[in-house]
Amino acid sequence: MSVQIAELQGKNGLPPVKFGEEVTGAETLLRCLILEQVEYIFGYPGGAVLPIYDSLYGSYFKHILTRHEQGAIHAADGYARATGKPGVVIATSGPGATNLVTGIATAQMDSVPLVCITGNVPQSLIGTDAFQEANITGITIPITKHSYFVRDVRDLPRIVKEAFHIATTGRPGPVLIDIPKDVSNAVAPFHYPEKVEIRAYKSTVVPSDEEVQKFVQVISEAKRPVIMAGGGIISSGADKELRAFAEAARIPVINTFMGLGGFPGVHELSLGMPGMHGNYTANQALLNADCVIGLGARFDDRITMGRTKEFAPKARIVHVDIDPAELGKNVETAIKVTGDVKSTLEKALPLVSRCDSEEWIAQLKKWQAEYPYSYKKEDQVLKPQEVIELLYESTDGEAIITTDVGQHQMWAAQYYKFKHTRSFISSGGLGTMGFGFPAAIGAQIAHPDRTVIAVVGDGGFQMTNQELAILSQYKVPVKVAIINNQCLGMVRQWQELFYDNRYSEIDLTCSPDFVKLSEAYGVKGLRASTPEEAKAVWAEALQHDGPVVVDFRVAQGENVYPMVAAGNTLDQMVLGDE
Amino acid sequence: MQRHTIAILVNDQPGVLTRVATLFGQRGFNIDSITVGGSEEPGLSRMIITTGGDEQKIDQLMKQLYKLIDVITVTNLSENAFVSRELALIKVSASPSQLAELNAIVEPFRATIVDVGPNSLIVQVTGDTEKIDALLVLLETYGIIEVTRTGSMAMARSVVPVPASV
C-alpha cells in the first residue's frame with residue numbers, strides 16, 4: 001500500500017508534521033500535540049508511559065519534570081490560567097495517575113482547560129490487578145469534563161482533537177486521556193482530523209437577541225444596580241468589554257474571588273470582593289441592590305452563604321453564563337442569558353443606556369470610605385496584611401499572584417489590588433493546599449518576563465515544596481512569599497471563633513528552616529520578622545535575578561476580617577479587631 | 001416529592017452507564033429504577049430512569065445530564081402522557097396441584113406461568129409498576145420465594161418533538 005506523505009507546515013514556530021507515515025501511538029500523540037500548538041508539557045515518567053517519553057527524547061517539546069505528579073498538574077493549571085491556553089500534563093499509570101486527582105478536581109471546580117494524559121497497563125492486562133494498574137477513567141468521572149480510554153491507536157488522533165476541543169470550549173474544564181501501553185506501541189499511518197464532530201456537544205457562545213434585549217431592559221430600569229463579575233470574565237477574555245459596559249451604564253462592579261483581576265481593583269467603580277471574607281461595601285451592595293447582574297459567576301456558597309432565599313433580597317437577579325446548568329442552580333433568577341460573557345457584553349454594549357445610579361454610587365463610595373479593610377500595625381511585629389500591601393506597592397499591582405487556600409489567600413484577595421486579567425491564580429472552588437507554589441511555576445514559565453509571586457502559607461507550602469528543585473533546574477525566577485504564622489491559620493481562626501479556642505492539631509512550629517531548605521535546593525532564601533526587615537528583604541528579593549524564597553514571620557494570632565460566619569447572612573458581618 | 005421518568009439517549013460507549021449513574025449520585029438524586037437497552041439508532045442506547053424531586057431540582061438534573069458529552073437528548077416523560085411497562089418474574093411456593101387455582105389468579109393480570117417445578121412455579125407478568133405490585137399482594141398468600149423486576153421502560157404517547165440540546 002502506498003501512502004501519500006504530506007507535510008503540514010508548523011505554525012508559530014512549531015515543527016512541521018508529516019501525514020501518512022506509519023508511526024507509533026506515542027509518536028502519534030506528540031504529533032497531535034504539535035498540531036494543537038502545545039509547547040510545554042508538565043509530567044513525570046513511569047513504566048506505562050515509557051513509549052511516550054521515548055518519543056519525547058530530543059523532541060521539540062519543553063518538558064518540565066516536576067518532583068511529584070501533583071506539582072505537574074498544578075503547574076499545568078497555573079500555565080493554563082495565566083495564558084488561557086490548555087495545560088498539558090503526562091503521568092504514568094496507577095499511582096502516577098492517582099496523584100493527578102487533586103489537580104484534576106481543582107481544575108474542574110475552577111473551569112480550567114487541561115488535557116491530562118495518563119498511561120495504563122497493556123490492554124491484555126487490564127482488569128487483572130496488574131502492577132500499577134488503576135481504573136483512572138473510572139476514578140475521575142465525577143471530576144473531569146470528559147474522559148477517554150483509548151482502545152485502538154487509529155482512534156487516538158480523533159480523541160486528542162476532541163479532548164482539546166472539549167477542554168477549551170464552552171465552560172472549560174479538564175479532559176483525561178488514558179492510553180494503555182500497547183496502544184502507545186501500536187503502529188498506524190498518521191492522520192489528523194480537520195474538524196471535531198461531537199454529536200450533541202454544542203455550546204451557545206452568542207446569546208439570542210431576545211435574551212440580550214431583556215438583559216439590557218432590566219438593567220436600564222435599575223436605580224441601584226451592581227455587576228457581580230466572576231471567573232467567566234477572565235475565561236472568556238471579557239475584561240475590556242466589562243470595563244466599557246460598566247462605564248457606559250454607570251454600574252459599580254463587584255469582583256468575585258475568581259473574578260479578581262477581571263475588572264481593575266483601582267477603578268472608581270470597583271467595589272472589590274463580596275462574601276464570607278469580602279468587604280463591607282461589596283456585601284452592602286448585594287444587600288441593597290435592586291438589580292444584581294451576575295456575569296460568569298456561579299453564586300456559590302462563599303457569597304450567598306448557602307442562604308439563597310435571603311441573598312440580595314431586594315434585587316432582581318440577571319445571570320449570564322455559558323453553562324446553562326448554572327442559570328437558576330443556586331439562586332432564583334429573573335433573566336437568564338445563555339452565552340459567554342464577552343459575546344453577551346459585545347452585543348449589549350450598543351444597546352445599553354446610562355443608569356440613574358449616581359445616588360447609589362455616592363452611597364457606596366461613602367461606605368467604602370467608612371469601612372475599608374483594616375488591621376492594626378505594630379512596630380516590632382510583622383502583620384500578614386502588611387506583607388500583602390508590601391507586595392502590592394512594590395509591584396504596583398503588576399505581578400501575577402498565586403496562592404494556596406487559607407488566611408494568606410484571603411489577605412491576598414483583600415489587600416492586593418489586581419489591575420489585570422489572569423493575574424490572580426488561586427484555587428477558588430476546591431480550596432487546594434499545595435496549589436499556589438507549583439501554579440506559580442506554570443505561570444512564570446508562561447510569562448518569563450513578568451514578576452510571579454507565590455503567596456503561600458507555611459502549611460500549604462509544605463505540601464508541594466519539593467518543587468523548589470524546578471526553580472533551580474529550569475531557572476524559573478518565581479518569588480515565594482511564605483506568610484509564616486507557624487500554624488494552620490484559617491483552621492486556628494475557626495477553632496478560636498467556633499470551637500472555644502480548642503486548638504486541635506494546628507501547630508506547625510516544627511517546620512523546616514525555610515531559608516536553609518531553599519538553599520538546599522539551590523534557591524536564595526531570606527527571612528523577615530519585623531515591618532522594617534520585611535521591606536529591606538523584599539526589595540532584595542525583587543532585585544535578585546532568579547528565584548527567591550522569603551520566609552515572612554508574621555503575627556500568629558491575626559484573623560481574617562471582615563467575616564461572615566458560615567450559616568449567617570451577609571448582613572451578619574463581623575468587621576474585626578479595629 | 002414528585003416521581004419523574006426520564007428518558008436519556010446516550011452514545012453506546014463503555015462507561016456511559018457509570019457516567020450517568022455517577023451524576024445522579026453526585027447531584028444528590030436517588031435512582032429508583034434504571035433500564036438500559038438499544039434504541040432505534042445503531043450506536044445509541046436509551047436509558048429510562050425513574051427518580052424523585054421537585055420541578056426545579058429535576059430541571060437542574062436534566063441540565064446537568066446534558067453536560068455529559070455522551071448524552072444526546074434528555075426527555076422528562078412525566079411532563080406528557082407516556083406509557084410505562086415493567087417485566088417481573090415471580091417464583092411462588094406452590095405445587096403442581098395448585099396450578100389451576102393460580103392460573104385463575106394470574107389470568108386477569110394477563111400474566112402467565114412459565115415454569116412449574118415440584119414445589120414452586122414462576123409467574124411472568126408485564127405492566128405498569130402498580131399492576132405488578134397488585135399481583136404480588138395476591139401471590140403473597142402462597143409464599144413468594146424470589147422476585148426479579150426490570151424497572152420501568154417507558155415511551156411518550158403519540159409523537160412528541162425531541163427537545164433540542166440545551
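Procedures and definitions
- Position labels on residues start from 1 in each chain and follow its written sequence.
- As a convention, the first chain written is A and the first ligand written is 1, with the rest following in written order.
- Local features in a predicted model are, by the rule used here, given only for residues with pLDDT of at least 70; side-chain atom pairs are given and counted only at 80 or more, and totals for whole chains, interfaces and linings are based on all residues.
- Water and hydrogen atoms play no part in the side-chain values, which are based on all heavy atoms of the structure.
- Lines fitted to C-alpha atoms define the axes here, with helix axes fitted over just the stretch in contact, and angles between the N-to-C directions of these axes take values from 0 to 180 degrees.
- Only DSSP runs of H or I with at least four residues qualify as helices, and only runs of E with at least two residues qualify as strands; both kinds are numbered from the N terminus onward.
- Helix crossings get a hand from a simple test, with the near helix turned counterclockwise from the far one by less than a right angle marking a left-handed crossing and a clockwise turn marking a right-handed one.
- Here, residues are in contact when the closest pair of their heavy atoms is within 4.5 Å.
- Ten residues, namely Ala, Val, Leu, Ile, Met, Phe, Trp, Tyr, Cys and Pro, are considered nonpolar, four, namely Asp, Glu, Lys and Arg, are considered charged, and the remaining ones, Gly among them, are considered polar.
- Between any two strands, pairing holds if DSSP finds at least two bridges.
- An automatic or database domain assignment is the source of the domain bounds shown.
- By buried area we mean how much accessible surface two parts lose on assembly, using a 1.4 Å probe and totalling the loss over both.
- Any Lys or Arg side-chain nitrogen found within 4 Å of a carboxyl oxygen on Asp or Glu counts as a salt bridge.
- Whenever two N or O atoms come within 3.5 Å, that pair is a polar contact, provided that in protein one can donate a hydrogen and the other can accept it, and provided that, for residues adjacent in sequence, both atoms are side-chain atoms.
- Any residue with an atom within 4 Å of a point lines the site, the site being either a cavity, points on a 1 Å grid over the protein atoms alone where a 1.4 Å probe fits but cannot get out, or a pocket, an open set with protein on both sides within 12 Å along at least 5 of 7 lines.
- Grid points are joined across faces, edges and corners, and a volume is the space filled by probe spheres set on the points.

### Details of the packing of helix 11 (residues 239–249) of chain A against helix 13 (residues 341–348) of chain A
All names here are of chain A.
Part 1: The interhelical angle for the contact between helix 11 and helix 13, taken along N-to-C directions, is 35°, at an axis separation of 9 Å. Crossing angle aside, the handedness with which helix 11 passes helix 13 is left-handed. In this structure, helix 11 uses Glu-241, Leu-242 and Phe-245 to contact helix 13, whose residues at the interface are Lys-342, Leu-345, Glu-346 and Ala-348.

### Focus on the packing of helix 1 (residues 25–35) of chain A against helix 7 (residues 156–168) of chain A
All names here are of chain A.
Part 1: As a packed pair, helix 1 and helix 7 sit with axes 10 Å apart at the nearest point and diverge in direction by 35°. Crossing handedness for the pair helix 1 and helix 7: right-handed. The residues of helix 7 that touch helix 1, namely those facing Gly-25, Thr-28, Leu-29, Cys-32 and Leu-33, are Leu-156, Pro-157, Val-160 and Phe-164.
Part 2: Each residue belonging to the contact of helix 1 with helix 7 can be placed in one class, and the counts come to seven nonpolar, two polar and no charged.

### Concerning the sheet that holds strand 4 (residues 40–43) of chain A
Remark on secondary structure: sheet strands pair via backbone hydrogen bonds, oriented parallel or antiparallel.
Residues and elements named next belong to chain A.
Part 1: Pairing is parallel in the open sheet, where six strands are placed in the order 5-4-6-7-9-8. Either end of the sheet is taken by a strand with one partner, and the two such strands are strand 5 (62–65) and strand 8 (146–149). Averaged over all pairs of adjacent strands, the angle between strand axes in this sheet comes to 20°, irrespective of strand direction.
Part 2: As paired elements, strand 4 and strand 5 share four bridges and run parallel to each other. Bridging across to strand 5, Gly-43 finds its partner in Leu-65.

### Some details on the domain arrangement of chain A
Note on interface size: it is often stated as the accessible area lost on association of the parts.
All names here are of chain A.
Part 1: Assigned domains of chain A: these are domain 1 (21–190), domain 2 (209–370) and domain 3 (384–560).
Part 2: In this structure, domain 1 and domain 2 have C-alpha centres spaced 37 Å apart.
Part 3: Facing six residues of domain 1, the contacting portion of domain 2 comprises six residues.
Part 4: Note on domain 1 versus domain 2: buried area summed over both sides is about 490 Å², and carbon and sulfur give 55% of it.
Part 5: For the pair domain 1 and domain 2, the number of links is two salt bridges.
Part 6: A salt bridge links Arg-171 to Asp-323; the shortest N-O distance between them is 2.9 Å.
Part 7: At the junction of domain 1 with domain 2, the criterion picks out two residue pairs in polar contact (both at pLDDT 80 or more).
Part 8: Residues that form the side of domain 1 that touches domain 2 fall into these classes: two nonpolar, one polar and three charged.

### Notes on the layout of surface pockets
Any empty space left between the atoms is revealed when a probe the size of a water molecule rolls over them.
Part 1: Estimates place the volume of the second largest pocket at around 950 Å³.
Part 2: In terms of lining, the second largest pocket is formed by 47 residues, of which the most central are Gln108(A), Asp323(A), Arg27(B), Gln64(B) and Lys67(B).
Part 3: Elements with a contribution of two residues or more to the lining of the second largest pocket: helix 5 (101–109) of chain A together with helix 1 (16–26) and helix 2 (55–66) of chain B.
Part 4: Of the residues belonging to the lining of the second largest pocket, the class tally is 17 nonpolar, 17 polar and 13 charged.

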